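# Coordinate inspection notes
Each chain is listed here by its residues.
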Amino acid sequence: MTTDMIESNNTKSSAPLLTQRYLRLVTKDGHSTFQMAGAQGRGVAYLRDAWGILMDMRWRWMMLVFSASFVIHWLVFAVLWYLLAEMNGDLELDHNAPPDNHTICVKYITSFTAAFSFSLETQLTIGYGTMFPSGDCPSAIALLAIQMVLGLMLEAFITGAFVAKIARPKNRALSIRFSRSAVVTHTEGKPHLMFQVANTRSSPLTSVQISAILYQEQESGQLRQTSIDFHLDSITADQCPFFIFPLTYYHSMTASSPLAALLQREAPHHFELVVFLSAVQEGTGETCQRRTSYLPSEILLYHRFASLLARNAKGEYQIKMENFDKTIPELPAAADSKSPKRTDKEIRINGQHADSFQLSDTGLTE
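A few points on the structure.

### So, the packing of aromatic side chains
If you walk through the whole model with that rule in mind, you get 10 aromatic pairs. Ring geometry for phenylalanine 195 and phenylalanine 230: centres 5.0 Å apart, planes at 70°, overall edge-to-face. With phenylalanine 195 in strand β3 (residues 190–199) and phenylalanine 230 in the loop between β5 (223–228) and β6 (231–232), this pair connects stretches of sequence that are 35 residues apart. On the basis of relative accessibility, which here comes to 1%, the residue phenylalanine 195 falls in the buried class. The ring of tyrosine 108 has lysine 107 lying over it, and the distance from NZ or CZ to the ring centre is 5.8 Å.

### Some points on the state of the cysteines
Here a disulfide denotes one covalent bond, and it connects the sulfur atoms of two cysteines. Enumeration over the complete set of coordinates arrives at one disulfide. Disulfide pairing is shown between cysteine 105 and cysteine 137; the S-S distance is 2.0 Å. Taking the sign of the S-S torsion, 60° for the link of cysteine 105 and cysteine 137, the bridge is right-handed. Of this pair, cysteine 105 sits in the loop between α4 (59–87) and α5 (112–124) while cysteine 137 is found in the loop between α5 and α6 (138–167), placing the two residues 32 residues apart along the sequence. In this structure, cysteine 105 and cysteine 137 share a single accessibility class: buried.

### Some remarks on the packing of α5 against α6
Following both chains from N to C, one finds α5 and α6 inclined at 60°, their axes separated by 9 Å at the closest point. Taken as axis vectors, α5 and α6 run oblique relative to one another. The way α5 lies across α6 gives a crossing that is right-handed. Every residue of α6 that contacts α5 at Ser119, Thr122 and Gln123 is listed here: Leu144, Gln147, Met148, Gly151, Leu152 and Glu155.

Each value, and the rule that gives it
- Residues numbered from 1 in each chain as written.
- Predicted model: local features only at pLDDT ≥ 70, side-chain atom pairs only at ≥ 80, totals over all residues.
- Heavy atoms only, no water.
- Phe/Tyr/Trp six-rings, centres within 6.5 Å; stacked < 30°, edge-to-face > 60°.
- Helix = DSSP H or I, 4+ residues; strand = E, 2+ residues; numbered from the N terminus.
- Buried < 20%, exposed > 50% of the residue type's maximum accessible area, 1.4 Å probe, protein only.
- Lys NZ or Arg CZ within 6 Å of the ring centre and 35° of its normal.
- Disulfide = S-S within 2.5 Å.
- Axes fitted to C-alpha atoms, helices over the stretch in contact; angles between N-to-C directions.
- Parallel < 35°, antiparallel > 145°, perpendicular 65-115°, else oblique.
- Left-handed = near helix turned anticlockwise from the far one by under 90°.
- Contact = heavy atoms within 4.5 Å.

Given below as structure tokens:
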């Protein structure tokens, strides 16, 4: 009866921000789902950060913007060349036999189409030889210089944007892969929350750092952030110096762990665990970052990860990436009967009923 009441209370008090009816805070591939509403001055802020906007654009939109920039540049100067020819009286003349007292500014510009063609030839330095500006027309020489200067600036900007977008560290971060699920298992007799991360490219990453934030919604509607510590085997340093094979990170589920309380059955709030990985590219020295998140439905109780390392016939190590997201159920580990300060608790994850656990100074025990 008590169990039914607790389950009923959990159903009624589900947090609106983190329930399955809404998008998660951070997607599995690391993108934020937050929407900015009611902010003033966003348009001005975007214009001030035009470079950052270009870097964040998808390639198809970036190509569209760059193509449109060139076409607009050609069209603007085509209009200027046409106006110059009109004001100089070149449109109605026979360019093969002009009057002796008239200087044609640009040879053979007799229509807007011809003006656009000359603008295109000038910008791309094609030089077919048919249309050319006269040295005796100062206005044509000045307009030619202005078009060339602005055109070179536009080309330099676009070339730099292409190089920066191709070389940015974000592309290297796409080769970092997190396990889709986290597991709670016993290691050396103690419960640990574990997840895996793999570098899917053969080039190593260095100075790998892991940080994690636990997000919980409060009754006031605010999100509470709690730092969660993860460690790598017996490495005491904050950084892993070499990342070439899959790594498994551990969080000890002691009584003081925020996750230990949240994994109890009577916890009323949903939560989201966001994991951040930062690493340095060996070849360029640039820092890349990858993110993912885990919901309660993605934390598996009494599971462990399948083995990834194997040896081939030559004795060389091989990584079986087909096992990367596989988990294996295991029996609950036996608890130490002498653990002090125990408090009986019942734990349920994703609707999975577990045996009775006890909170102690050293962690969760059966």
